[in-house]
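# Per-entry structural report
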Amino acid sequence: HSSTKMLGLFTAASSSFAGEARFSARGAAWSPRSASPSLTGVIPDIATVPEGVLSRTTSGRPLVDQRPRPRRNRKSAAVRRMVRETSLTPANFVYPLFIHDVAENAEIASMPGCERHSLPSMLAEAQDAWQYGVRSFILFPKVEDELKSNRGEESYNPEGIVPRAVRMIKEALPESIVFTDIALDPYSSMGHDGIVEDGKILNDDTIEQLCKQALCHARAGSDCVAPSDMMDGRVGAIRDALDAEGFTDVSILAYTAKYASAYYGPFRDALDSHPGFGDKKTYQQDPANGREAYIEAELDEAEGADILLVKPGLPYLDVVHRLRQSTSLPVAAYHVSGEYSMLKAAAERGWLPERKGAPETPL
């Protein structure tokens with residue numbers, strides 16, 4: 001209603017003005033009804049700036065008496081680069097690689113430009129990204145249905161797709177940082193991040209499996225395990241399990257504030273990991289809750305997390321800011337599949353310039 005009222009005011013004002021002035025078809029003559037005859041071809045300078053608003057330079061040009069001028073720091077590309085507050089390089093990013101145990105790659109329709117890689121293709125992609133300065137990779141597997149189970153035993157198979165992929169990357173790129181996802185959903189016949197019993201996701205039973213998975217990945221050479229499951233207490237349990245086996249240098253990136261978001265759809269297409277029933281709202285956070293992230297962050301930090309992650313990124317920038325203000329640990333944001341696909345779709349339709357929009361988004 002307010003926008004309708006505003007439109008009405010604008011229209012009324014325009015009509016009133018039109019009734020007070022006459023314009024010729026060619027715009028050559030202008031005359032208020034009460035003014036003297038029009039001066040053909042001349043628009044009189046009837047507007048004046050009140051005395052004292054502007055000064056004059058020595059050459060007579062207008063001058064605003066303002067010493068601080070923020071635009072000076074924007075006057076050229078060189079100056080803008082010099083004073084830029086936030087800089088991102090390829091080394092700041094973690095590259096998600098979707099993999100499967102198939103000889104051929106498969107396009108991901110809902111993520112234009114992305115595909116599920118065979119292991120040789122995954123390695124070639126990582127090596128190509130390395131040339132551009134990308135140093136970190138995270139692996140997400142699409143697991144064959146016959147290998148899935150409610151307890152996700154395939155998640156800690158030492159000859160499973162993820163351990164083999166880790167070994168391949170670390171052998172070819174020994175200075176790379178390889179992250180591995182710790183969760184059961186790619187391996188679950190139920191499509192959930194944990195073990196299901198009577199329609200509920202079991203917390204502590206799931207954590208036992210996650211510890212086995214983290215140890216399996218650490219033995220394969222993973223530099224950083226990333227529990228994305230949102231089970232209570234899993235960070236501490238995984239930290240203790242890693243330390244007990246001598247993996248004190250393996251880092252933990254905790255999915256600290258992972259929301260039950262609609263933005264994960266294309267990712268689940270990529271891994272064929274949509275929930276088999278219901279949703280994930282009993283373990284992922286309610287999108288309406290920002291302060292709850294403080295609780296999760298405090299717990300993860302106390303349990304030994306090395307990096308805190310907010311997922312998704314763009315819709316939860318307030319949460320990113322809150323965590324940045326409340327912790328000294330590194331804070332990461334996940335630019336998720338739905339955000340990527342929205343940008344790609346807008347670019348395909350000509351609504352946004354992709355080459356400009358993509359770099360702006362993570363800044």
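Residues numbered from 1 in each chain as written. Predicted model: local features only at pLDDT ≥ 70, side-chain atom pairs only at ≥ 80, totals over all residues. Heavy atoms only, no water.

### Describing helix α10 (residues 337–348)
Stated formally: Only runs of H or I of at least four residues qualify as helices and only runs of E of at least two qualify as strands under DSSP, and these elements are numbered from the N terminus. A helix is expected to span 1.5 Å multiplied by its residue count minus one. By definition in these notes, contact holds between two residues if any of their heavy atoms fall within 4.5 Å.
With twelve residues, α10 should cover 16 Å at 1.5 Å per step; its first-to-last C-alpha distance of 16 Å lies within 8% of that length. Residues of α10 that are buried in the fold lie against α7 (265–271) and α11 (354–360). At the C-terminal side of α10, Gly350 shows a positive phi close to 80°.

### What about a nonpolar patch on the surface?
Counted only if it meets this: Patches here are clusters of residues that have more than 30% relative accessible area and form no salt bridge, with a 9 Å joining cutoff for like charges and a 5 Å cutoff for nonpolar side chains (Val, Leu, Ile, Met, Phe, Trp, Tyr). All accessible areas in this document rest on Shrake-Rupley with a 1.4 Å probe, and a residue is counted as covered only by the protein chains that are shown. A pair is scored as a salt bridge if a Lys or Arg side-chain nitrogen falls within 4 Å of a carboxyl oxygen belonging to Asp or Glu.
Among the surface-exposed residues, Val49, Val53, Leu54 and Val64 lie close enough to one another that they form a single nonpolar patch of about 320 Å² accessible area. Structurally, the position occupied by Leu54 is in the loop between β2 (30–32) and β3 (55–56).

### Here's the deal with the pattern of salt bridges
It is possible for side chains of opposite charge to pair when their charged atoms get near one another. According to the stated counting rule, one finds 13 salt bridges in the structure shown. Its salt-bridge partner being Asp243, residue Arg239 comes within 3.0 Å of it at the nearest N-O pair. Here Arg239 pairs with Asp243, and both are found in helix α6 (residues 234–244), just four residues apart, close to one helical turn.

### A closer look at the nonpolar core
Definition in use: Each nonpolar core is a collection of buried residues, namely Ala, Val, Leu, Ile, Met, Phe, Trp, Tyr and Cys, held together in the definition by side-chain atoms within 4.5 Å. Think of it in three bands: with a 1.4 Å probe and only protein chains considered, a residue is buried below 20% of the maximum accessible area for its type, exposed above 50%, and partly exposed in between.
One finds Val225, Ile238, Leu242, Val310 and Val319 to be the most contacted residues of the largest nonpolar core, which totals 34 residues. Among the secondary structure elements, those contributing two or more residues to this core are β10 (195–197), β11 (200–202), α5 (203–220), α6, β13 (251–258), α8 (292–302), β14 (307–311) and α9 (317–326). When residues in this core are grouped by element, the largest group, six residues, is from α5. In this structure Val319 touches Ala257, Tyr259, Gly290, Ala293 and Val310, once residues within four positions along its chain are discounted. The next biggest cluster of nonpolar side chains, apart from the first, holds 20 residues, and it includes Ala129, Ala165, Val166 and Ile169.

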